[in-house]
Amino acid sequence: MRKNIGWYIVLFIFLTIIYLPIMYITKEAFGNGNVVSTVTGNETLKDAIKVSLVTSIVATIVGVVIATLASLGLTSLRKVQRDAIREVTKLPVTYPDVVTAIGLMALFLLIFGKGNFGYMTLILAHISFTTAYAFIAIYPKAKKIGKEYAEAASDLGATPLQTLFKVIIPNLKGAIIAGSAIAFAMSFDDYIISSLNGGPLENISKYVIKARRPGALKAVYALTTLMFLVVLIGLIIFIVIKITKFNKKEKKA
Amino acid sequence: MKKILVLSLVAGISAATISGCNSKTDTITIATWGEYFDRAGDHSEMKALLKEESGYNIRFVTFADNEELESKMKTTDFDLVIPSDYMAAKLMNANMLQKLNLSELGLSKEKFTSSINSVWSEYENGELWEYALPLAAGDLRVMWQGDALQGVTGEDANREISVVKLFDQSSLYVGMHDDARNAALIAMNYYSAKNNLNLTSEQLGNPDVAELEKAFNALKNSAAAKAGKISLLDDTDLAIAWSQQNKVNVAISYNATPLWIFEENSDQENKANGWTIEDGWPTNYSTAHMAESSNLWIDAIAMTTNAKEGTIDVLKAIWDNYSELDVHYNCYTSTLQGTYDEMYGAGGDYEDDYDYALSGKDDHYVVYNYRKEMDSNYNSKINEKYIAFKSSIN
């Protein structure tokens, strides 16, 4: 114990840095009254949550589908082509969001014209970057699987669709889940791209940035607490499932 | 089975999104200042009222300043917009507003107060009347807690205090808006009063660059500035700092707009900051007009060129209900003479309430020469002087 005390202190500081802000907000949120009714009683915040959820879910689904298909397509190319395309796909992730935001806004103005900014432009904008993030998570696994699985399934008489849904996707499941989580988080958190491409729509980030007055801040604290609790419960369920599975395996062994 | 589930999910979400977008065709979108129509940052009460009166769903989109509104209008078609005076004129000149029929709204120029009427008629030789209506007005005034400003007493709406009294002492923290137009006027007021120049409102409000530089230098050398007790803050931060008496004892702000904060804080929080609270409202706060002159900010309402059918019904509903709501939520002043008299005149609900009333002096307000202000050369020089002043006191 004495030997490890330094590490315990480091661990304590590490956990404090991570959890102290959320603990403070949670304490404030519960101190301000009913957390759920603070959020549900605020019409503007409810609208912002709806915009964020609809945009993030649709953009994540579409982005992940495109990224999965692109990853599979890329594995069938020659190495030089593959590497070149993979580097190009990294670009949207590496350059600043503001560049993407302005570029998309200019493009949408050209295609759709002024006054047509709303869900359509917002979702398309989010798809453009969720696809890139999902691709980064999915492609390495797709590359690892290679063409061999598809060829083996084909040799055994599977149709291309059967190969995709029964062989490729089950093998990519972990990467697809990871890609979806990253894409959803990036989309849900986004501010600048949504600001320039959402027209009159306001998502959670836009609401939070404007919320500096006490009344609005209380709603933000309540929302943050609720989101934290949802993630925490999800994490606990995930850990419980993992432990249960591990125990079952141990028993079998 | 899994495949069907995934496809159903995608189809369901897409359909919900599309139907969600289409269900808003009867929605009128109003671009307005943050928390303009209510104090909690949630426009539900105003939405319900306008829906009942006009039959349309209302979506409020908020902006922090006029330039943000102008920028948003490049990608978004709003139906109604509520810009400030100079921006309304700018939007009109950019053909972004459509003509309004005053009589269709039961209005005429004569129904507005004389100070509003004279200021509004200055814009484009009165042409702005055809495109934008003065909806609310607020002036810059001084607010403080208890007896922080000794010797300034009285209950009348025309109570005045010279800015010299504020800045020539080092015991008070003075907070003002981080805004070139407002800071420039306060500096000019100080400079004029300190040197007995007796400048007119026109000269105070639209100074030459050299004169303004002298004014900022004078303010920079005041006792308050030398003691590091002047803060330049945005509207929200100014209200928060003043309510907490945290480095702002005296605020020079719009009408009584910082008072919203007392509703959002608990009584306990307000009392801890030294306020005597009765029914959620501070009783030991005082306000006065600046003795020299003030900016009169007028916010207008206008229909955009792409406004949807039915927007005029919402505009009418706003007009029919606005004055009462505005005083309640925003602490601004009604622009209509009849409503103004009903509220602040003899027997009015706000007869003794100088929070909202404008100065009774005809020449108190500067006539903002927006043409001069919009000149990029002049404007950049004014901003340059303001930024230099700001850096010197921070």
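Residues numbered from 1 in each chain as written. Chains lettered and ligands numbered in written order. Predicted model: local features only at pLDDT ≥ 70, side-chain atom pairs only at ≥ 80, totals over all residues. Heavy atoms only, no water.

Novice: Can you explain the overall build of chain B? Please cite residues and give values.
Specialist: In terms of regular secondary structure, chain B is built from 17 helices and 13 strands. Buried positions account for 56% of the 394 residues belonging to chain B. In chain B, the proportion of contacts linking residues at least 24 apart, taken out of those at least 6 apart, comes to 74%. Surface summary for chain B: the accessible area is close to 16,400 Å², and the carbon and sulfur share equals 46%. (Helix = DSSP H or I, 4+ residues; strand = E, 2+ residues; numbered from the N terminus. Buried < 20%, exposed > 50% of the residue type's maximum accessible area, 1.4 Å probe, protein only. Contact = heavy atoms within 4.5 Å. Areas by Shrake-Rupley, 256 points an atom, 1.4 Å probe, with all protein chains shown as cover.)

Novice: Describe the overall build of chain A, and please don't skip the residues or the numbers.
Specialist: Assigned secondary structure in chain A consists of eleven helices and zero strands. Moving toward the C terminus, one meets the helices and strands of chain A in the order α-α-α-α-α-α-α-α-α-α-α. Expressed as lengths along the three principal axes of its C-alpha atoms, the size of chain A is roughly 65 × 65 × 35 Å. Counting across all 253 residues of chain A, residues that qualify as buried make up 36%. Counting only contacts in chain A whose residues sit at least 6 apart along the sequence, the fraction spanning at least 24 positions is 77%. If you sum the accessible surface of chain A, you get close to 14,800 Å²; carbon and sulfur atoms cover 72% of it. Side-chain charges in chain A split into 28 positive and 13 negative, and the spacing between the mean points of these groups amounts to 6 Å. (Lys, Arg positive; Asp, Glu negative; His and termini not counted. Charge placed at Lys NZ, Arg CZ, Asp CG, Glu CD.)

Novice: Tell me about the side chain of Ser84(B), and please be specific about residues and values.
Specialist: As for its position among the elements, Ser84(B) is in the loop between strand S3 (80-81) and helix H4 (85-93). Residues within four places of Ser84(B) in sequence aside, it is in contact with Trp33(B), Asn66(B), Trp297(B), Ile298(B) and Asp299(B).

Novice: Describe unusual backbone geometry, and please don't skip the residues or the numbers.
Specialist: Residues and elements named next belong to chain B. At Asn 198, a position not held by glycine, the phi torsion is positive, near 50 degrees. The residue Asn 198 is located in the loop between helix H7 (180-194) and helix H8 (201-205) in this model. The class for Asn 198 is exposed, based on a relative accessible area of 68%. Unusually for a residue other than glycine, Lys 247 sits at a positive phi of about 60 degrees.

Novice: Outline the pairing of strand S8 (residues 250-254) of chain B, listing residues and values.
Specialist: Working note: regular strand, side chains alternate between the two faces of the sheet. Residues and elements named next belong to chain B. Most of S8 sits out of view: five of its five residues are buried. In this structure, strand S4 (residues 133-145) lies alongside S8, joined through five bridges in antiparallel fashion. Along S8, the bridge assignment pairs Leu 140 with Tyr 254. Summarising the sheet, strand S6 (residues 174-177) and S8 pair through three bridges and their orientation is parallel. From the neighbouring strand, Met 176 faces S8, where its bridge partner is Ile 252. (Pairing = 2+ DSSP bridges.)

Novice: Now, about the pairing of strand S12 (residues 296-303) of chain B: what can you tell me, with residues and values included?
Specialist: Residue and element names in this part refer to chain B. Within S12, eight of the eight residues are buried, which leaves the element mostly enclosed by the surrounding structure. Residues Leu 296, Ile 298, Ala 300 and Ala 302 point to one face of S12 and Trp 297, Asp 299, Ile 301 and Met 303 to the other, with burial holding for every one of them. Bridging between S3 and S12 involves two bridges; their strand directions are antiparallel. When the sheet's bridge partners are listed, Val 81 is paired in S12 with Ala 302. As defined by bridge partners, S4 adjoins S12 across six bridges and the pair is classed as antiparallel. Looking at the pairing, Ala 137 lines up with Ile 298 of S12.

Novice: Describe the nonpolar core, listing the residues and the values that go with them.
Specialist: Among the nonpolar cores identified, the biggest contains 110 residues, and Ile30(B), Leu50(B), Phe167(B), Met176(B), Ile301(B), Leu315(B) and Trp319(B) are the most heavily contacted of them. It is H7(B) that contributes the most residues to this core, nine residues altogether. Those residues in contact with Trp319(B) that sit more than four places away from it in its chain are Leu105(B), Leu107(B), Phe112(B), Leu133(B), Pro134(B), Leu135(B), Ile301(B), Thr335(B) and Leu336(B). Membership of the second largest hydrophobic core comes to 17 residues, among which are Val35(A), Phe188(A), Ala219(A) and Leu223(A). (Core = buried A, V, L, I, M, F, W, Y, C linked by side-chain atoms within 4.5 Å.)

Novice: Could you give me a rundown of the pattern of salt bridges, with the residues and numbers involved?
Specialist: The final tally for this structure, using the stated rule, is 16 salt bridges over all chains. With a shortest N-O distance of 2.7 Å, Lys210(A) and Glu202(A) are connected by a salt bridge. Residue class for Lys210(A) comes out partly exposed when judged on its relative accessible area of 29%. The partner of Lys99(B) in a salt bridge is Glu130(B), with the nearest N and O atoms 3.1 Å apart. (Salt bridge = Lys/Arg side-chain N within 4 Å of Asp/Glu carboxyl O.)

Novice: Can you explain the side chain of Asn117(B)? Please cite residues and give values.
Specialist: Residues and elements named next belong to chain B. Mapping Asn 117 onto the fold places it in helix H5 (residues 114-120). The class of Asn 117 is buried, set by a relative accessible area of 18%. From its side chain, Asn 117 meets the backbone oxygen of Lys 109 in a polar contact 2.8 Å long. Discounting residues that sit within four places of it in the chain, Asn 117 has contacts with Lys 109, Glu 110 and Trp 129. (Polar contact = N/O pair within 3.5 Å; in protein donor to acceptor, adjacent residues only side chain to side chain.)

Novice: Provide a residue-level description of the interface of chain B and chain A, including the pertinent values.
Specialist: The accessible area lost on association of the parts is a frequent measure of interface size. The partner chain A presents 31 residues to the 35 residues of chain B that form the contact. Across the chain B to chain A interface the summed buried area is about 2,700 Å²; carbon plus sulfur atoms make up 54%. Put simply, chain B and chain A have two salt bridges between them. As a salt-bridge pair, Lys47(B) and Asp47(A) come within 3.6 Å of each other at their nearest N and O atoms. Considering each element in turn, the side of chain B that touches chain A owes the most residues, five residues, to helix H1 (residues 2-22) of chain B. By residue class, the composition of the side of chain B that touches chain A is eleven nonpolar, eleven polar and 13 charged. (Buried area = accessible area lost by both parts, 1.4 Å probe. Nonpolar A, V, L, I, M, F, W, Y, C, P; charged D, E, K, R; others polar.)

Novice: Can you lay out a positive patch on the surface for me, pointing to particular residues and giving the numbers?
Specialist: Residue and element names in this part refer to chain A. Taken together, the side chains of Lys 173, Lys 242, Lys 245, Lys 248, Lys 249 and Lys 252 present a region of like positive charge at the surface. Sort the elements by how many residues they give to the positive patch and helix H11 (residues 214-252) lands first, with five residues. With respect to the element layout, Lys 245 can be found in helix H11. (Patch = residues over 30% accessible without salt bridge, like charges linked within 9 Å, V, L, I, M, F, W, Y side chains within 5 Å.)

Novice: Outline a nonpolar patch on the surface, listing residues and values.
Specialist: Together, Tyr8(A), Leu11(A), Phe14(A), Leu15(A), Ile18(A), Tyr19(A), Leu20(A) and Met23(A) make up an exposed nonpolar region whose accessible area comes to about 780 Å². In this structure, Ile18(A) sits in helix H1 (residues 5-31).

Novice: With reference to specific residues and values, describe the environment of Leu91(A).
Specialist: As for its placement among the helices and strands, Leu91(A) is situated in helix H4 (residues 79-94). Separated by 81 residues in the primary sequence, Leu91(A) and Val10(A) have C-alpha atoms spaced 36 Å apart.

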